[in-house]
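# A look at the structure
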Amino acid sequence: MDKAIVIENLTKRYKNNRGISGIHLEVGKGEIFGFLGPNGAGKTTAMKIMTGLMKPDDGDVKINGFSILNQYEQAMANVGCIIEHVTPYPYLTAYENMKMCARYYDNVDEKRIDECLEMTGMLRFKKERIKNYSLGMRQRLGISLAFLSDPAILILDEPLNGLDVEGMVEIRKLILETAEKKGTTFFISSHLIHDVELTCNKVGLIYNGKLLGVDSTEDILKNYSSLENYYLSEVDEVEHA
Amino acid sequence: MLKAAYLNELFKISKKKKIMVAAILSIAAILIGGLIVSSVNNFIGINLTGKSEFSIMVLSVLCYTLIPLFTMFVCVDMFTGELADHTIKQTLTRPVSRLKIFSAKTLAAATFILANLLFVMIVSILVSFVIGATSLSLWKVLLAYIAEFFPLMVFALLVIFISNIMHGTPSAFLISLVLYLAFLAFSAVFGDYDSFFFTSLFDWYTLFLGSYINFYKIFRVLLILIGCGMMFFAAGYYLYDRRDV
C-alpha cells in the first residue's frame with residue numbers, strides 16, 4: 001500500500017524532560033488511523049511536528065513523500081488539520097475565516113466554502129463573529145476549515161472536542177463517508193476510545209512519549225473484547241515491566 | 001502564496017478596531033494643530049507656518065508620537081498577539097512557508113505605515129488650506145512623507161524582532177515602548193553618537209527640504225537605515241522560523 005504519512009525516528013524533548021522519543025510509524029493511503037494515548041503521552045506533540053507547528057530535535061515526517069522539514073509547502077499542499085484547540089480569528093466571521101484560508105488553494109471557491117459550512121451545520125451562522133460562538137460551534141468551524149481544500153490527508157487532534165452527542169455522530173459519519181467515497185487518509189487522535197473503535201481501521205498506542213504498538217482494529221478486536229481492554233492491557237504491561 | 005498571505009494580513013489589519021481609533025486620533029491631532037496655528041496667526045498676529053510648513057510641522061510631531069505608537073500596536077498584534085492567542089495556527093498549517101508568512105506580515109506592516117503617512121499627509125494638506133497662506137510646495141511635502149517611511153519601517157522591523165522574543169502582547173508592547181523612549185533619550189544626551197540610535201533619524205526628511213541638499217549625508221543615512229533594517233529582518237525571521245507554536 002502507498003504511504004500517505006511516514007514518521008521516522010521522531011524525537012522532541014521539552015525542558016521538563018517530557019515529549020516523544022524515537023517514534024516510527026507509517027500510515028497507508030485511505031487508512032483511518034487512530035492515535036491513542038493518555039493525557040501528556042505526546043499525541044499533540046507528534047501532531048504539531050507533523051503539521052510544522054514544531055520542529056523536532058531529531059527525525060522527520062514525510063507526507064505524500066515530501067519532508068515536512070525541507071519541503072513544507074509541497075508536504076502541506078494536500079493536508080487539512082485541527083491541532084489542539086480550534087482557534088479561528090475571533091474578530092472575523094466564519095465566512096471571513098474560511099475565505100482567508102481559501103486564498104491558499106486554487107480549487108476553493110465560494111460554493112466550496114458554503115458546502116463545507118453546510119457539512120458541519122454552520123452555514124446559517126456564517127455571518128456571525130467567532131467571538132460569539134460556543135466551543136462546539138468553534139469545533140464545527142474547525143472541521144469545516146480542515147475539509148475546505150478537499151485534502152487527501154486529514155490530521156485531526158481531538159476532532160470531537162466540545163461537540164454534543166448529535167455532533168459527535170455527525171462528524172463520525174462525515175469521516176467514514178469521506179474515507180469511503182474519496183479514499184481520504186485520516187490521522188485522528190482522541191481520548192474517546194469507543195469513538196476510535198467505531199471510526200478507525202488502524203490504531204497506534206503512545207505512552208510516555210513512546211509508541212507501544214500499531215495494529216489493525218480488526219486484529220485487536222479478535223484478541224480483546226474491546227479497544228478499551230486492549231488499551232488497558234498494553235498500558236498495564238508497560239507499567240509493570 | 002506570498003500574495004495570499006499578504007492579502008490576508010491586510011484584511012486582518014483592516015478589520016481591527018485599532019485602525020479606526022488610529023484614524024480618529026490622527027485627525028484629532030491634526031485638527032488641534034491646525035486650530036492652534038490658525039489662532040496664533042489670526043489673534044496674535046504671528047505667522048507660525050505656511051501651508052506646506054503646516055504639513056511638515058504635523059509630520060515632525062506625529063513621526064515621534066502617534067505614528068510609531070500605531071506601528072507598534074499593529075506589529076505586536078500581528079506577531080506576539082497571534083502567537084499568544086494561537087490564531088497563528090490557522091495560517092501556519094496552510095501550504096505556505098514561514099518565510100513567506102513572515103515576509104507577508106512585514107509587507108503588511110510597511111503598507112500600514114505608508115497608508116498612515118498618506119492619510120496624515122492628505123488630512124494635513126486639507127487643514128492647511130483653511131489656515132494662513134504662503135506658497136504651497138506639495139512636492140516638498142510629498143518628499144518629506146516618503147522619506148519618513150524608511151526610519152519608520154526600520155522601527156517596525158525592530159518591534160517585529162522584539163515581538164518574536166516576547167511571549168505576551170503587553171510585555172512585547174512595553175519593551176518596544178521602553179526601548180523606543182530609551183533610544184530617544186540616548187540620542188538626545190549623546191548627540192555625537194545619535195547615528196547609532198536610528199530613532200534620531202526620524203527627522204532625516206529635513207535633509208531634503210533645505211535649499212542645499214547634502215547627497216553624501218542622505219546616502220550615508222540611507223545606508224545606516226538599510227543596514228539596521230536588514231539586521232532586524234534577519235534576526236526577526238530567525239526567531240519566527242524557530243518558534244514552536
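All values derive from a computational prediction rather than experimental measurement. (Residues numbered from 1 in each chain as written. Chains lettered and ligands numbered in written order. Predicted model: local features only at pLDDT ≥ 70, side-chain atom pairs only at ≥ 80, totals over all residues. Heavy atoms only, no water.)

### Brief notes about the sheet that holds strand E1 (residues 3-13) of chain A
All names here are of chain A. Taken in spatial order, the 4 strands of this open sheet run E2-E1-E4-E5, and their pairing is antiparallel. Edge strands, defined here as strands with exactly one partner in the open sheet, are strand E2 (19-28) and strand E5 (66-67). Pairing analysis gives 5 bridges linking E1 to strand E4 (residues 58-63), with the strands arranged antiparallel. Its bridge partner being in E4, Ile7 is matched across the sheet by Val61. (Pairing = 2+ DSSP bridges. Helix = DSSP H or I, 4+ residues; strand = E, 2+ residues; numbered from the N terminus.)

### Quick word on a nonpolar patch on the surface
Nonpolar side chains collect at one region of the surface, where Leu118, Ile122, Leu126, Phe129 and Val130 of chain B lie side by side and expose about 520 Å² of accessible area between them. Here Ile122 of chain B is to be found in helix H6 (residues 98-130). (Patch = residues over 30% accessible without salt bridge, like charges linked within 9 Å, V, L, I, M, F, W, Y side chains within 5 Å. Areas by Shrake-Rupley, 256 points an atom, 1.4 Å probe, with all protein chains shown as cover. Salt bridge = Lys/Arg side-chain N within 4 Å of Asp/Glu carboxyl O.)

### Observations regarding empty space enclosed by the protein
Considering all chains together, one arrives at 4 cavities of 30 Å³ or more under this definition. When its volume is computed, the largest cavity comes out at roughly 170 Å³. Lining the largest cavity are 15 residues, with Cys81, Ile82 and Ile83 of chain A together with Gln90 and Thr93 of chain B positioned closest to its centre. Contributing elements (two or more residues each) for the lining of the largest cavity: strand E6 (79-82) and helix H5 (135-147) of chain A together with helix H5 (88-92) of chain B. It is H5 of chain A that contributes the most residues to the lining of the largest cavity, 3 residues altogether. Of the residues contributing to the lining of the largest cavity, the split by class is 8 nonpolar, 5 polar and 2 charged. (1 Å grid on protein atoms, 1.4 Å probe; cavity = no way out; pocket = protein on both sides within 12 Å on 5 of 7 lines; lining within 4 Å. Points joined across faces, edges and corners; volume = space filled by probe spheres on them. Nonpolar A, V, L, I, M, F, W, Y, C, P; charged D, E, K, R; others polar.)

### As for the nonpolar core
Membership of the largest hydrophobic core comes to 152 residues, with the highest contact counts inside it found for Ile5, Ile7, Val61, Ile155, Phe186 and Phe187 of chain A together with Phe198 of chain B. Per-element accounting of this core gives the leading share, 15 residues, to helix H7 (residues 138-163) of chain B. Lining this core are residues from two domains, each supplying at least three of them: domain 1 (1-78 + 151-162 + 183-241) and domain 2 (86-150) of chain A. For Phe198 of chain B, the residues in contact, after removing those within four places along its chain, are Pro151, Val154, Phe155, Leu158, Phe183, Leu225 and Phe232 of chain B. (Core = buried A, V, L, I, M, F, W, Y, C linked by side-chain atoms within 4.5 Å. Buried < 20%, exposed > 50% of the residue type's maximum accessible area, 1.4 Å probe, protein only. Domains from an automatic or database assignment. Contact = heavy atoms within 4.5 Å.)

### Focus: the pairing of E4 of chain A
The side chains of a regular strand alternate, first on one face of the sheet and then on the other. Residue and element names in this part refer to chain A. Across 2 bridges, the pairing between E4 and E5 is antiparallel. Paired with Lys62 across the strands is Ser67, a residue of E5. Remark: 2 residues form the turn of the hairpin made by E4 and E5, two consecutive strands paired antiparallel; Asn64 in that turn has positive phi of roughly 50°.

### A look at the confidence of the model for chain B
Low-pLDDT stretches of the model should not have their predicted coordinates read in fine detail. Mean pLDDT over chain B stands at 88; residues scoring 70 or higher make up 94%. Mean pLDDT across the elements of chain B bottoms out in helix H3 (residues 51-62) of chain B (83) and peaks in helix H1 (residues 2-14) of chain B (95). (pLDDT = per-residue confidence, 0-100.)

### Regarding the side chain of Ser103 of chain B
Residue and element names in this part refer to chain B. Along the chain, Ser103 turns up in helix H6. The class of Ser103 is buried, set by a relative accessible area of 19%. At 2.7 Å, the side chain of Ser103 and the backbone oxygen of Leu99 are in polar contact. Beyond its immediate chain neighbours, meaning those up to four positions away, Ser103 contacts Leu2 and Phe233. (Polar contact = N/O pair within 3.5 Å; in protein donor to acceptor, adjacent residues only side chain to side chain.)

### Comments concerning the packing of aromatic side chains
This model, assessed by the stated rule, comprises 21 aromatic pairs over all chains. Arranged with centres 6.0 Å apart and planes meeting at 25°, the rings of Phe186 of chain B and Phe190 of chain B form a pair that is stacked. Through a chain of ring-to-ring contacts, three or more aromatic side chains come together here, namely Phe79, Phe102, Phe233, Tyr237 and Tyr240 of chain B. Across the ring face of Phe11 of chain B, the terminal group of Arg103 of chain A is positioned such that the distance to the ring centre comes to 5.9 Å. Its guanidinium or amino end placed over the ring of Phe79 of chain B, Lys105 of chain B lies 5.6 Å from that ring's centre, counting from NZ or CZ. (Phe/Tyr/Trp six-rings, centres within 6.5 Å; stacked < 30°, edge-to-face > 60°. Lys NZ or Arg CZ within 6 Å of the ring centre and 35° of its normal.)

### Re the interface of chain A and chain B
Counting residues at the interface gives 30 residues for chain A and 30 residues for chain B. Across the chain A to chain B interface the summed buried area is about 2900 Å²; carbon plus sulfur atoms make up 52%. In terms of surface lost to chain B, no three residues of chain A exceed Leu53, Tyr89 and Tyr104 of chain A, which account for 28% of the buried area on that side. For the interface between chain A and chain B, the tally reads 4 salt bridges. In this structure, Lys15 of chain B engages Glu96 of chain A in a salt bridge whose closest nitrogen and oxygen atoms are separated by 3.0 Å. On inspection of chain A and its partner chain B, the count reaches 24 residue pairs in polar contact (both at pLDDT 80 or more). Looking at the side of chain A that touches chain B, the elements with two or more residues in it are helix H2 (72-76) and helix H3 (94-102) of chain A. In terms of residue count, the dominant contributor to the side of chain A that touches chain B is H3 of chain A (4 residues). Of the residues that constitute the side of chain A that touches chain B, the class distribution is 17 nonpolar, 5 polar and 8 charged. (Buried area = accessible area lost by both parts, 1.4 Å probe.)

### Description of the packing of H7 of chain B against helix H8 (residues 169-189) of chain B
All names here are of chain B. Closest axis-to-axis distance for the H7/H8 pair is 9 Å, and the angle between their directions is 135°. On the basis of their axis angle, the class for H7 and H8 is oblique. Along this stretch, H7 crosses H8, giving a crossing that reads as right-handed. In this structure, H7 uses Phe155, Leu158, Val159, Ile162 and Ser163 to contact H8, whose residues at the interface are Ala172, Ile175, Ser176, Leu179 and Tyr180. Taken together, the residues that form the contact of H7 with H8 break down as 8 nonpolar, 2 polar and no charged. (Axes fitted to C-alpha atoms, helices over the stretch in contact; angles between N-to-C directions. Parallel < 35°, antiparallel > 145°, perpendicular 65-115°, else oblique. Left-handed = near helix turned anticlockwise from the far one by under 90°.)

### Quick notes on the layout of surface pockets
Residues and elements named next belong to chain A. When its volume is computed, the largest pocket comes out at roughly 280 Å³. Surrounding the largest pocket, 18 residues form its lining, Asn39, Gly40, Gly42, Lys43 and Thr44 being those nearest its centre. Per element, the largest residue contribution to the lining of the largest pocket is 4 residues, and it comes from helix H1 (residues 43-50).

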